[in-house]
Each structure stands twice: as C-alpha cells, then as structure tokens.
Amino acid sequence: MSDHAVLHVKGRILVGPQEVRDELWVVGGRITYDRPAGARDVRTVAGWALPGLVDAHCHVGLGADGPVDADTAEKQALADREAGTLLIRDAGSPSDTRWVDDRDDLPKIIRAGRHIARTRRYIRNYAHEVEPDELVAYVAQEARRGDGWVKLVGDWIDRGLGDLAACWPREAVEAAIAEAHRLGARVTAHCFAQSSLRDLVEAGIDCIEHATGLTDDLIPLFAERGVAIVPTLVNTATFPGLAAGGDAKYPTWSAHMRRLYERRYDTVRGAYDAGIPVYVGTDAGGHLAHGLVAGEVAELVTAGIPPVDAVSATSWGARAWLGRPGLEEGAAADLVVYEGDPRADVRVLAAPSRVVLNGQVVQ
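Peer 1: It is not clear to me how the packing of aromatic side chains should be interpreted in this structure. Could you clarify?
Peer 2: Remark: the centre distance and the inter-plane angle together describe each pair of aromatic rings, the angle taken between the planes. Taken as a whole, this structure holds 6 aromatic pairs when the rule is applied. Summarising the aromatic geometry, the rings of Y122 and Y126 are spaced 6.1 Å apart at their centres and angled 75° between planes, so their arrangement reads as edge-to-face. Of the two residues, Y122 and Y126, neither departs from the other in class, the shared state being buried. A ring pair is formed by Y279 and W321, whose centres lie 4.2 Å apart and whose planes are at 10°; its orientation type is stacked. In this pair, Y279 is assigned in the loop between α9 (264-273) and α10 (293-302) and W321 in helix α12 (residues 316-321), connecting sequence segments 42 residues apart. In terms of burial, Y279 and W321 fall into one category: buried.

Peer 1: Whenever I open this one, unusual backbone geometry confuses me. Can you help?
Peer 2: Most peptide bonds take the trans form, and the phi angle of most residues other than glycine is negative. With a phi angle near 75°, N125 is a residue other than glycine that sits in the positive phi range. For N125, the location among the structural elements is in the loop between β10 (116-118) and β11 (128-130). Of note, the phi angle at H210 is positive, near 75°, even though the residue is not glycine. Take H210: it is sitting in strand β16 (residues 207-210).

Peer 1: How should the pattern of salt bridges be read in this particular structure?
Peer 2: Any two side chains of opposite charge can pair, so long as their charged atoms come close to each other. Scanning all chains against the criterion turns up 22 salt bridges. Taking the shortest distance from any N to any O, the salt bridge between R145 and E142 comes out at 3.2 Å. Of this pair, R145 and E142 both sit in helix α2 (residues 135-145), 3 residues apart, which is roughly one turn of the helix. The class of E142 is buried, set by a relative accessible area of 2%. When salt bridges that share partners are traced, they join R170, E174, R198, D199 and E202 into one network.

Peer 1: I tried to follow the sheet that holds strand β9 (residues 108-111) on my own but got confused; where do I start?
Peer 2: Two pairing modes exist for strands in a sheet, parallel and antiparallel, and in both the strands are linked by backbone hydrogen bonds. Strand order in the open sheet formed by 3 strands is β5-β8-β9, with parallel pairing between adjacent strands. Unpaired on one side and paired on the other, β5 (53-58) and β9 mark the two borders of the sheet. Between one strand and the next, the sheet's axes are offset by a mean angle of 20°, whatever the strand orientation. Bridging between strand β8 (residues 85-90) and β9 involves 4 bridges; their strand directions are parallel. For D90, the partnering residue across the bridge sits in β9 and is R111.

Peer 1: Sorry if this is basic, but what is going on with the nonpolar core here?
Peer 2: Considering soluble globular proteins, one finds that nonpolar side chains tend to be buried as a cluster. With 77 residues, the main nonpolar core has L135, I205, I208, F222 and L300 as its most contacted residues. Listed in part, the 16 residues of the second largest apolar core include V15, L24, A333 and V337.

Peer 1: What should I look at first to understand the sheet that holds strand β20 (residues 360-361) in this one?
Peer 2: Judged by pairing direction, the sheet is mixed, and its 7 strands sit side by side in the order β3-β2-β1-β4-β18-β19-β20 without closing on themselves. At either end of the open sheet lies a strand with only one pairing partner, and these are β3 (30-32) and β20. Of the pairings in the sheet, the one linking strand β1 (residues 6-14) to strand β2 (residues 20-27) comprises 7 bridges and is antiparallel in character. Residue pairing across strands places V9 opposite L24, the latter belonging to β2.

Peer 1: Honestly, the packing of helix α7 (residues 239-246) against helix α8 (residues 251-262) in this entry has me stumped. Any pointers?
Peer 2: For any two helices packed against each other, one specifies the inter-axial angle together with the distance between the axes. At a minimum axis separation of 8 Å, α7 and α8 run at an interaxial angle of 165°. The orientation of α7 with respect to α8, classified from their angle, is roughly antiparallel. Here α7 runs over α8; the crossing is left-handed. In contact with F239, P240, L242, A243, A244 and G246 of α7, α8 contributes P251, W253, S254, M257, R258, L260 and Y261. Its residues placed into classes, the contact of α7 with α8 shows 10 nonpolar, 2 polar and 1 charged.

Peer 1: Help me understand the pairing of strand β12 (residues 149-153), please; the structure alone is not making it clear to me.
Peer 2: Within a regular beta strand, the side chains point alternately toward one face of the sheet and then the other, so they alternate between its two faces. With 5 of its 5 residues buried, β12 lies for the most part within the structure. Side chains W149, K151 and V153 of β12 all project onto a buried face; the interleaved residues V150 and L152 project onto the opposite face, where all are buried too. Two elements, β12 and strand β15 (residues 186-191), share 5 bridges in a ladder whose sense is parallel. Looking at β15, one finds that K151 is bridged to T188.

Peer 1: I tried to follow the packing of α2 against helix α3 (residues 170-182) on my own but got confused; where do I start?
Peer 2: Between α2 and α3, whose axes approach to 9 Å, the crossing angle comes to 25°. What the angle tells us is that α2 and α3 run roughly parallel. Considering only the axes of α2 and α3, their crossing is right-handed. Residues L135, V136, V139, A140 and R144 of α2 form the contact with α3, whose own contacting residues are A172, V173, A175, A176, E179, A180 and R182. Taken together, the residues that form the contact of α2 with α3 break down as 9 nonpolar, no polar and 3 charged.

Basis of the calculations
- Residues numbered from 1 in each chain as written.
- Predicted model: local features only at pLDDT ≥ 70, side-chain atom pairs only at ≥ 80, totals over all residues.
- Heavy atoms only, no water.
- Phe/Tyr/Trp six-rings, centres within 6.5 Å; stacked < 30°, edge-to-face > 60°.
- Buried < 20%, exposed > 50% of the residue type's maximum accessible area, 1.4 Å probe, protein only.
- Helix = DSSP H or I, 4+ residues; strand = E, 2+ residues; numbered from the N terminus.
- Salt bridge = Lys/Arg side-chain N within 4 Å of Asp/Glu carboxyl O.
- Pairing = 2+ DSSP bridges.
- Axes fitted to C-alpha atoms, helices over the stretch in contact; angles between N-to-C directions.
- Core = buried A, V, L, I, M, F, W, Y, C linked by side-chain atoms within 4.5 Å.
- Parallel < 35°, antiparallel > 145°, perpendicular 65-115°, else oblique.
- Left-handed = near helix turned anticlockwise from the far one by under 90°.
- Contact = heavy atoms within 4.5 Å.
- Nonpolar A, V, L, I, M, F, W, Y, C, P; charged D, E, K, R; others polar.

Structural data, given as structure tokens:
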C-alpha cells in the first residue's frame, strides 16, 4: 500500500478476550475505529484479527554455535513474522540486532542484552561468563544495553556433580537483581531445575524461563510474588533426546532431565491454577527453529490451560505484560488475521491469512 492508502479490516476484531468489534481502519500505519472521511485507495482484509503475536522467549541473532550474521538473523526474524509473531522479547543474544529497529517489515524486538552465565556453566559462545563478584557489574552493563530486561543463567549442569545445580550464591543474585531494578530493568533467568528457584524469587526476580523445576512447595511463593513463567514447552520436548546423549557420561543429569520432561504438563497446569502468570515463548534460535509460536500455544492447551487464556498468553496478556499496545486506538497497526476464531480452536494460529505490520500487509 502507498503512504496514503487506507486498510479496512472487517469481520471479528478481537480487541480483548471478550471485546469484539466489527471493523477497524488503518490510516498512516495507525489503528482507528473511526471510519476515515473521504478515504480513497482502500484495501479490505476480512477475518478474525488478533494483535500481532508475542514470542516472549526468542533469540534473534543466535545460532547453534553462537552469534550469526545479519542475513541469518534476518531470516530468523522473517520466519517469526511469517508465523504471526510481531513482538519478540529476545531473551539473550550475543549479536547486535539494533539494525532491526530501522526495518518496518521486521518484528519489533525487546532485548535482554546478552546472557550472563557462570564461568564454564553454559553453552559456549552464548553468554558473558563471569564469577559472582562480577555479576552486578555485568547486570548493570546489560541493563543499559537492553530494552528493560536482563537475562541470567540460573542453573546448568555442574560437571563435578554430574547434575543440574544453581549457578549463583544467594547474596550475588540479591545484589544483581537490586541493581537491575535500580536501573529500571526487569530480570529473568534460565532455570531447568528446582535448586535455584527459591533464592531467585526471594531475591526479587521478575520472571523464570522454562521453570521445569517448579514444585508444589514453590508454587505459592511464585504466586505471592507475582513471578511470571515462560515454559517454552516446545523446547522441553527436546529433553529426552538431550538425556539420551548424556546417559553414558552424566546418568544422574539424564535421569533428572527425563523427570522434568515427564511432569512438564503438570508443572505448567499447577502454575496456571495457582494464578502464576504464564506466557508464550519458544526458545527459538540456538538449536530450535524460529516460527514455532502456534505450536507453543497448542502445548499450553495440552497442559490444561483454557484456549482463550493460551491465546492471551501470546497476544493481549503478553503485550500488556511487556508494556506494548494491542489493538487500541492510535496504536501501530500490528495484527494477524485468521480464517477462524483462535479462541475456539488454537490450531487456527498455525495458518495466518494476513499479517499486517506497521500498517502494511506484509504477507
């Protein structure tokens, strides 16, 4: 469309879980619910419209061996866009992706800077690897580089123990999280096991990624503190394969990973039932493909989350949590159109009929 074109979206506009309108207009890349007077060059799109989907755990610019070049990062972002993901919380990347901000045709990114991990306790070439006495300084650095988030690696395999173990002493995470909050950033952490969770939550962390180690005794603490989780169930699906690869060298770790996998749905449903905020994230990048957001929503439903809440976890609710608008008057026109109602059948999310980004129909 030209700069002067008007887009008319009609059918069912899902402004919220229960708020439905019949139409919206896009003028100058912005949403309006007032019919523009004397509009010319109008293009019409019909169907069920949602705010652009959110992948709250995604890694643009990250490959299996570390940072990737700009062409590869662009392909990653385009794969997310094709799936309807128009807002990404990039939960750690060693690449500088600020150039994406200058592209109106690529998803918007909220960055958490680069992962911060304990020395030799994470995937090579992914993170800043530091010791506890350096943690506060690196958190401050990444808080200034990011877009209001910092990402810690809360646990990883300790090869001496042969199992998952917490990476940081309590006093280190308390000081680091306090520093991030002082600088206006929220903090999240990669956590597979249980061992790091209490210290992180009591230290004031805002979110836990994966949260496969969440247990019944910790759920009330998460709920009381309002700590969100991003389960990344499409990533947890890889645990049996990882465990098989570690059977010979780290049998305790392998058995632990299998247990976490086997109770993954119960873990997520227990969190949801307790009122813990649950959001959609795929862990795309690294070893997982981009564009898996519909599959993650389907996994949340399999875990027992009602379809409308699973949809909210990648749309209205997720955008509110990240402080970004949905289909409000005057907001940037980032929306996805489907042929059916995703609240009735989340499988609809796998087949967008139109994707509109910054008011332009990009596919």
